[in-house]
Amino acid sequence: MTMGDETPVTSLILPVLIRPILSQLERRDVSASQTLRAALWKAETSYPGLTYDLIMGIMEKGDLNVNMNESILRLQGSLSDADVVEYRLNRSEDAFQELNRKSATLKKILSRIPDEITDRKTFLEIIKEIASAIKKLLDAVNEVNAFIPGPAGKQALEQRKREFVKYSKRFSNTLKEYFKEGQANSVFVSALYLIHQTNMIISTVKNKCE
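If you're wondering where the values come from, they're calculated on a predicted model, not measured in any experiment.

(A) Highlighting the overall build of the chain. Scanning the chain from terminus to terminus reveals nine helices and zero strands. Overall, the chain shows an N-to-C arrangement of helices and strands of α-α-α-α-α-α-α-α-α. On C-alpha atoms alone, the chain measures out to a radius of gyration of 18 Å, which is about the 17 Å that the 2.2 N^0.38 rule sets for 210 residues. Taken across its 210 residues, the chain has 43% of its residues classed as buried. The contacts in the chain between residues at least 6 apart in sequence include a share of 74% that link residues at least 24 apart. Summing over all exposed atoms, the chain offers an accessible surface of approximately 11,500 Å²; the carbon and sulfur share of this is 52%. The distance from the centre of the 30 positive side-chain charges to the centre of the 27 negative ones in the chain is 5 Å.

Written as structure tokens, this is what we have:
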């Protein structure tokens, strides 16, 4: 078990922190960037949490004190389309492109939480936006479900949707606790879970349809 197993930040280090760095490297050396990316993704697949441990080790050596949950959540909002290619659908049909848009919108709103959480009025508005974005994402998933071939594929997407709903409810409960106890980091972690679950929905659709 790695250091990052307890939180979703483990699964988001690669796409949110490392991927944009590799995109910048790609402008200078395409071959080196692609080789490094393939190696990192293969290592992460074989040893989940490895990249997290690597980054945390570097931070420890540099004596850096950073809230990784908050940082990754903020960084999510600055990603370009090129940075999130692993979690974008390539199918041209409206249903797939709509799912791309709705997933991107939800993640963008969630990424604003660290900046707005201390302003109660603004934060309450963001919570409303998140609730609306969650509903629209689920509607988009239902539209895509019609394109999934075979009962096994449809069942896999339905299971992903149930997981997403579970973490949406958990996010709602975390917000209630936050307003009682003021633990912002719990909100960051819960938001990262939602981002991860959104990515898993996209991955499942890609796996079954592309």
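(B) The nonpolar core, seen in detail. By size, the foremost hydrophobic cluster in this structure holds 57 residues, and its most contacted members are Met68, Leu99, Leu110, Ile113, Ile130 and Phe171. For this core, the elements supplying multiple residues, two or more each, are helix 1 (9–28), helix 3 (50–61), helix 4 (68–76), helix 5 (94–111), helix 7 (120–145), helix 8 (150–181) and helix 9 (184–209). The element that contributes the greatest number of residues to this core is helix 9, accounting for 13 residues. Those residues in contact with Leu110, other than ones at most four positions away along the chain, are Leu73, Ile130, Phe171, Ala191, Leu194 and Ile195.

(C) Representation of empty space enclosed by the protein in the model. With the rule as written, the count across this model stands at one cavity of 30 Å³ or more. Considered as a void within the structure, the largest cavity measures approximately 40 Å³ in volume. Around the largest cavity, the lining residues are Pro15, Val16, Gln76, Leu79, Val84, Tyr87, Lys107 and Asn199. Classifying every residue of the lining of the largest cavity by side-chain character gives five nonpolar, two polar and one charged.

(D) Region of interest: the packing of aromatic side chains. Under the definition given, this model contains five aromatic pairs. A ring pair is formed by Tyr167 and Tyr193, whose centres lie 5.0 Å apart and whose planes are at 20°; its orientation type is stacked. Remark: Tyr193 occurs in helix 9 and Tyr167 occurs in helix 8; sequence separation between them is 26 residues. Residue classification places Tyr167 among the buried positions, given a relative accessible area of 12%. On the basis of an interplanar angle of 65° and a centroid distance of 5.4 Å, the ring pair of Tyr178 and Phe179 is categorised as edge-to-face. Assessed through its relative accessible area of 32%, Phe179 is described here as partly exposed. Among the aromatic residues, those joined into a cluster by ring pairs are Phe123, Tyr178 and Phe179. Directly above the ring of Trp41 sits Arg37, whose terminal nitrogen or CZ lies 5.4 Å from the centroid. Stacked on the ring of Tyr193, the Lys or Arg Arg170 has its end atom at 5.9 Å from the ring centre.

Conventions used here
Residues numbered from 1 in each chain as written. Predicted model: local features only at pLDDT ≥ 70, side-chain atom pairs only at ≥ 80, totals over all residues. Heavy atoms only, no water. Helix = DSSP H or I, 4+ residues; strand = E, 2+ residues; numbered from the N terminus. Rg over C-alpha atoms; globule rule 2.2 N^0.38 Å. Buried < 20%, exposed > 50% of the residue type's maximum accessible area, 1.4 Å probe, protein only. Contact = heavy atoms within 4.5 Å. Areas by Shrake-Rupley, 256 points an atom, 1.4 Å probe, with all protein chains shown as cover. Lys, Arg positive; Asp, Glu negative; His and termini not counted. Charge placed at Lys NZ, Arg CZ, Asp CG, Glu CD. Core = buried A, V, L, I, M, F, W, Y, C linked by side-chain atoms within 4.5 Å. 1 Å grid on protein atoms, 1.4 Å probe; cavity = no way out; pocket = protein on both sides within 12 Å on 5 of 7 lines; lining within 4 Å. Points joined across faces, edges and corners; volume = space filled by probe spheres on them. Nonpolar A, V, L, I, M, F, W, Y, C, P; charged D, E, K, R; others polar. Phe/Tyr/Trp six-rings, centres within 6.5 Å; stacked < 30°, edge-to-face > 60°. Lys NZ or Arg CZ within 6 Å of the ring centre and 35° of its normal.

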